[in-house]
Amino acid sequence: MTNNNIYFVANWKMYGNLRSLKSLNKVINIAKSNLLKKAKIIYCPPYTLIDQFVKKTKNTKIDIGAQDCHFKNGSGPYTGRISANQLKSIGTKYVILGHSEKRSEGDTDQIINKKILIANQEKLKIILCVGETYKENKNKVVLNVLKKQLNSSLKNLKKFNNIILAYEPIWSIGTGLIPLNSEITKNVNFIKNIIKKKYKIQNIKVLYGGSVNQNNINILKKINNIDGFLIGGASQNYNKLIDIVKKTTI
Ligand code: PGA
């Protein structure tokens, strides 16, 4: 781990309802106790809960993000979509873009690029996910895949501002499989170097995501070039989430 604030992004996917506010309250109370002072927790609940989560976490160290936004901004005839501007207007701070579950529903690098430019313009902080499939991993083309995803999705982005990257091998998401620490270190360094060269900046944050849980966190936290974790399944259970945070930061 790097020594700064350690990020824990809780991606709730299509889970959670009003009863989930109880578990959020528990995490807020623990966060108040200063026990988690090195942790930066970002909840990304479904759209239906964002407003409530934003209100509950006001004046706490917990921030709220969305799991996606539309590639058109403002308002318009886009049934079922939510814009970056609408998210911003209710106090959402972050947005996850390029998650493989969105890519598998049709989000191409070009669409992700449009979303990034819009979210950036709205001053939403972006968590951009990149990662390879199992086949690409076996064919040893991971670095090519990462390079292409980064270059295409960041096209025309003049300044790399308020963007956190998440290295998420697709074959690790929800499967219980995780790469070796050495493999993660290599791919994260590669990602950091691309951004360093492209934008001439030093402080680049990269998280690891894919089957992070309370049992494997003691191994994963030994990776010294990552800045935190993007957690799906395990983040919906507050006991598991707190266990992960404590094991990493205390
Ligand atoms: P997982 O999901 O932790 O359930 O594998 C990770 C993710 O949402 O990217």
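Scroll up to find the structure.
Residues numbered from 1 in each chain as written. Predicted model: local features only at pLDDT ≥ 70, side-chain atom pairs only at ≥ 80, totals over all residues. Heavy atoms only, no water.

## Description of the sheet that holds strand β2 (residues 39-44)
Item 1. In spatial order, the strands read β1-β2-β3-β4-β5-β6-β7-β8; together these eight strands close into a barrel with parallel pairing. Adjacent strand axes in the sheet meet at a mean angle of 25° when their direction is disregarded.
Item 2. Bridge count between strand β5 (residues 125-130) and strand β6 (residues 163-167): five bridges; the pairing is parallel. Within the sheet, the bridge partner assigned to Ile127 lies in β6 and is Ile164. (Pairing = 2+ DSSP bridges. Helix = DSSP H or I, 4+ residues; strand = E, 2+ residues; numbered from the N terminus. Axes fitted to C-alpha atoms, helices over the stretch in contact; angles between N-to-C directions.)

## Description of the environment of Glu132
Item 1. In this fold, Glu132 is placed in the loop between β5 and α6 (134-138).
Item 2. Reaching out from Glu132, the side chain makes a polar contact with the side chain of Tyr167 at a distance of 2.9 Å. (Polar contact = N/O pair within 3.5 Å; in protein donor to acceptor, adjacent residues only side chain to side chain.)

## Notes on the pattern of salt bridges
Item 1. Inspection of the entire model under this criterion finds twelve salt bridges.
Item 2. Notably, a salt bridge pairs Asp51 with Lys55, separated by 2.9 Å at the nearest N-O pair. Of this pair, Asp51 and Lys55 are both found in helix α2 (residues 47-56), four residues apart, which corresponds to roughly one turn of the helix.
Item 3. A residue is classified by how much of its surface remains accessible, and Lys55, at 57% relative accessible area, is exposed.
Item 4. Here Glu105 and Lys102 are joined by a salt bridge, their closest N and O atoms 3.4 Å apart.
Item 5. Owing to a relative accessible area of 61%, Glu105 belongs among the exposed residues under this scheme.
Item 6. Residue Lys102 is classed as buried on the basis of its relative accessible area of 19%.
Item 7. Among the charged side chains, a network of salt bridges with common partners joins Asp68, Lys102, Glu105, Asp107 and Lys115. (Salt bridge = Lys/Arg side-chain N within 4 Å of Asp/Glu carboxyl O. Buried < 20%, exposed > 50% of the residue type's maximum accessible area, 1.4 Å probe, protein only.)

## Side note on the pairing of β6
Item 1. β6 sits mainly inside the fold: five of its five residues count as buried.
Item 2. In terms of strand pairing, β6 meets strand β7 (residues 206-209) through three bridges, oriented parallel. Residue pairing for β7: Ala166 is matched across the bridge by Leu207.
Item 3. The parallel pair β6 and β7, bridged by helix α8 (residues 181-199), forms a crossover whose chirality is right-handed. (Right-handed = clockwise from strand over helix to strand, strands pointing away.)

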